[in-house]
Amino acid sequence: MFWGKRLGSVALALLGCLILQRVGLGLNSYFQTMLVLAGVYVTLSVSLNLINGITGQFSIGHAAFYMIGAYSAGVLARAFYVPLDKSLYSPLNNGFQGLVQSISPGFTCQLQPLMWLIGVMIAGAIFAAVAGFVVGLPSLRLKGDYLAIVTMGFGEIVSIIVRNQEPLGKSYGLEIKPTIPSIFLTWLLAVVCIAVCRNLLKNVHGLSFLAVREDEVASSAMGVNVTRVKVAAFVLGSAFAGAAGAIYAHSLGFVSPTNFSMDISFIILTMVILGGSGSITGATVAAVVLFYIPEWLRDLKTIPMAGFVGAIFATIMVVALVKRTLDGFQEKGRKTAMIFASIGAGIVMTIALRFALKGVTGLEGSIDGNKLRFVVLAAILVILMLLRPQGIFAHHEFSWKWVKGLFKKKTAVSA
């Protein structure tokens, strides 16, 4: 039963990656890039969750390891990548090559760039892991705010070094060839990252990580090597970030220091906290949602000023009502009804205020919706943290047992 679940999970994961690849091939280049970036952010979020959520540390320099992996891939591509001569395939033309070409035309021509991408993913992971070890070994004796300051300083040091190195393109950036936007490999890396973190929590070694998160003094007294556990988590999380950086570099074909600013570290940290610190499922879902919201808001057209002001007042009212409902009602059915009633009242209030404020001086104009996308994103984060400070999933995880329980409930209700 155990191995059946494992093999089924692996098969479903591979099938999901293949479906995403097939769907992506039918989309334009913009949506293909979005699919790749979503997978990259899932890897970054889950790998940082291993450090911050599962082990209980506070690192805010994750973008530095992401940057090391990306620039490592760029430097290796410039130094060693040589396009494979198609004539090397000529001996296979009458054998296996013909069979493969009949099934998937052009497959062998794509094989070499994909093998290169796998190689630089591994190289980027190694370089980032070494950097994580160098930084982590002396600094992970610290904790809390002190560790956060050290990791933030490391991120700035890496950024400054890159900005002043001519071979790395300085502040302008580095062009990288070949461009290999592989949706399959991007999401396969995300799946591997999720699987490694998930398996770590489910075996005996994960107990040490959780013990360090709960109480370092008590875990040390019980024989846990706290420093070794912290360094292991830091190195493993950094390695996945470096591999994600290599994929990012070869997907876009260009990297610059602005792509790995401190803002990126804060966004990744927000994904971890919003999903639920320690929850792999939460980190995955929050990464996709937080990545998608700003892109979706790009399509916002002009918004009437009166409607925008009305929405602000209505949102404040809804948040206050929902917060009071969550704190004051214990009965689940009544609580749900009150929440939906509060949201409905907010929608009605938004529409009413839009017409009521339409003639007020100063509120006749409109706002470019695209410029408000990060304001809206920040407001969503504030609201979610007010209403659910423990994160969307808290410490809960998706599992087959949970899915089985849902079907049992449905069967019981129907019976």
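Quick caveat, the model's predicted, so the values are computed rather than measured. (Residues numbered from 1 in each chain as written. Predicted model: local features only at pLDDT ≥ 70, side-chain atom pairs only at ≥ 80, totals over all residues. Heavy atoms only, no water.)

Topic: the nonpolar core
How we decide: Take the buried Ala, Val, Leu, Ile, Met, Phe, Trp, Tyr and Cys residues and link them wherever side-chain atoms come within 4.5 Å; each set so joined is a nonpolar core. Only protein chains enter the accessibility calculation, which uses a 1.4 Å probe; a residue whose area is less than 20% of its type maximum is buried, one above 50% is exposed, and one in between is partly exposed. Here a helix means four or more residues in a row that DSSP labels H or I, a strand means two or more in a row labelled E, and each is numbered from the N terminus. A contact between two residues is defined here by any heavy atoms of the two lying within 4.5 Å.
Counting residues in each nonpolar core, the largest one holds 88 residues, and the members touching the most others are Leu 44, Phe 65, Tyr 71, Phe 154, Val 255 and Phe 260. The leading source of residues in this core is helix H2 (residues 29–54), at 14 residues. Ignoring anything within four residues of it in the chain, the contact list for Leu 44 reads His 62, Tyr 66, Ala 241, Ala 244 and Ile 268.

Brief notes about the packing of helix H3 (residues 62–80) against helix H6 (residues 145–163)
Axes are the key here: two packed helices are described by the angle between their axes and the distance separating the axes. How we decide: Only the stretch in contact is used when fitting a helix axis, every axis being a line fitted to C-alpha atoms; angles between N-to-C directions are given from 0 to 180 degrees. Angles below 35 degrees are treated as roughly parallel, those above 145 as roughly antiparallel, those between 65 and 115 as roughly perpendicular, and all remaining angles as oblique.
Here H3 crosses H6 at 30°, and the two axes come no closer than 9 Å. The angle between the axes of H3 and H6 places the two elements in the roughly parallel class. Here H3 contributes Ala 64, Phe 65, Met 67, Ile 68 and Tyr 71 to the contact with H6, which in turn contributes Phe 154, Gly 155, Val 158, Ser 159 and Val 162.

Quick notes on helix H13 (residues 305–328)
The line we're drawing: To estimate the expected span of a helix, subtract one from its residue number and multiply by 1.5 Å.
Between its terminal C-alpha atoms H13 stretches 35 Å, which fits the 34 Å expected from 24 residues at 1.5 Å a residue. Within the sequence span of H13, burial applies to Ala 306, Gly 307, Val 309, Gly 310, Ala 314, Val 318, Val 319, Val 322 and Thr 325.

Some points on the packing of aromatic side chains
Convention followed: In summary, the pairing rule links any two rings of Phe, Tyr or Trp, Trp by its six-membered ring, whose centres are within 6.5 Å, and it sorts them by plane angle into stacked for under 30 degrees, edge-to-face for over 60 and tilted for everything else.
Throughout the structure, instances matching the rule amount to 9 aromatic pairs. Their ring planes at 85° and their centres at 5.6 Å tell us that Phe 65 and Phe 234 sit as a pair that is edge-to-face. Of this pair, Phe 65 sits in helix H3 while Phe 234 sits in helix H10 (residues 226–252), placing them 169 residues apart in sequence. Of the residues examined, Phe 65 reaches a relative accessible area of 1% and is grouped as buried. Taken together, Tyr 66, Tyr 71, Tyr 248 and Phe 260 form an aromatic cluster joined through their ring pairs.

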